[in-house]
Amino acid sequence: MESNFEWITANGDIGIRFFHSIDDGGYSNPPHWHNDLEIIYLLEGRTADPRGHAVY
């Protein structure tokens, strides 16, 4: 499985990157890695990990 490094650019002077996304259910994020913590906060719906890891 191929993966890519993702450079994270923080928003302004707060040192955190916020990203808002609306998805119709067809989005698939390719495998990637980075040095930053990634938190996914769902407002509705559900998510699944295609690698079979636990998703809470």
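Reading guide: rules and limits
- Residues numbered from 1 in each chain as written.
- Predicted model: local features only at pLDDT ≥ 70, side-chain atom pairs only at ≥ 80, totals over all residues.
- Heavy atoms only, no water.
- Helix = DSSP H or I, 4+ residues; strand = E, 2+ residues; numbered from the N terminus.
- Areas by Shrake-Rupley, 256 points an atom, 1.4 Å probe, with all protein chains shown as cover.
- Patch = residues over 30% accessible without salt bridge, like charges linked within 9 Å, V, L, I, M, F, W, Y side chains within 5 Å.
- Salt bridge = Lys/Arg side-chain N within 4 Å of Asp/Glu carboxyl O.
- Buried < 20%, exposed > 50% of the residue type's maximum accessible area, 1.4 Å probe, protein only.
- Contact = heavy atoms within 4.5 Å.

Student: It is not clear to me how the overall build of the protein chain should be interpreted in this structure. Could you clarify?
Tutor: Looking only at helices and strands, the protein chain has zero helices and two strands in total. Of the accessible surface of the protein chain, which amounts to about 5900 Å², a share of 53% is contributed by carbon and sulfur atoms.

Student: So what exactly am I meant to see when it comes to a nonpolar patch on the surface here?
Tutor: A cluster of nonpolar side chains, namely Ile14, Ile16 and Phe18, defines an oily patch on the protein surface of about 320 Å² accessible area. Tracing the backbone through its elements, the reader meets Ile16 in the loop between β1 (4-5) and β2 (32-33). Judged by relative accessible area, Ile16 falls into the partly exposed class, the value being 43%.

Student: How do you make sense of the environment of Phe5 when you look at a structure like this?
Tutor: Along the polypeptide, Phe5 turns up in strand β1. In this structure, the C-alpha to C-alpha distance between Phe5 and His32, residues 27 residues apart in sequence, is 5.6 Å. In contact with Phe5, not counting residues within four places along its chain, are Trp33, His34 and Asn35.

Student: Just to check I follow, could you spell out the environment of Arg17 for this structure?
Tutor: Looking at the secondary structure, you find Arg17 in the loop between β1 and β2. Given a relative accessible area of 41%, Arg17 falls into the partly exposed group. In sequence terms Arg17 and Asp36 are 19 residues apart; their C-alpha atoms lie 10.0 Å from each other. The contact partners of Arg17, leaving out residues within four places of it in the chain, are Glu6, Ile8, Thr9, Ala10 and Asn11.

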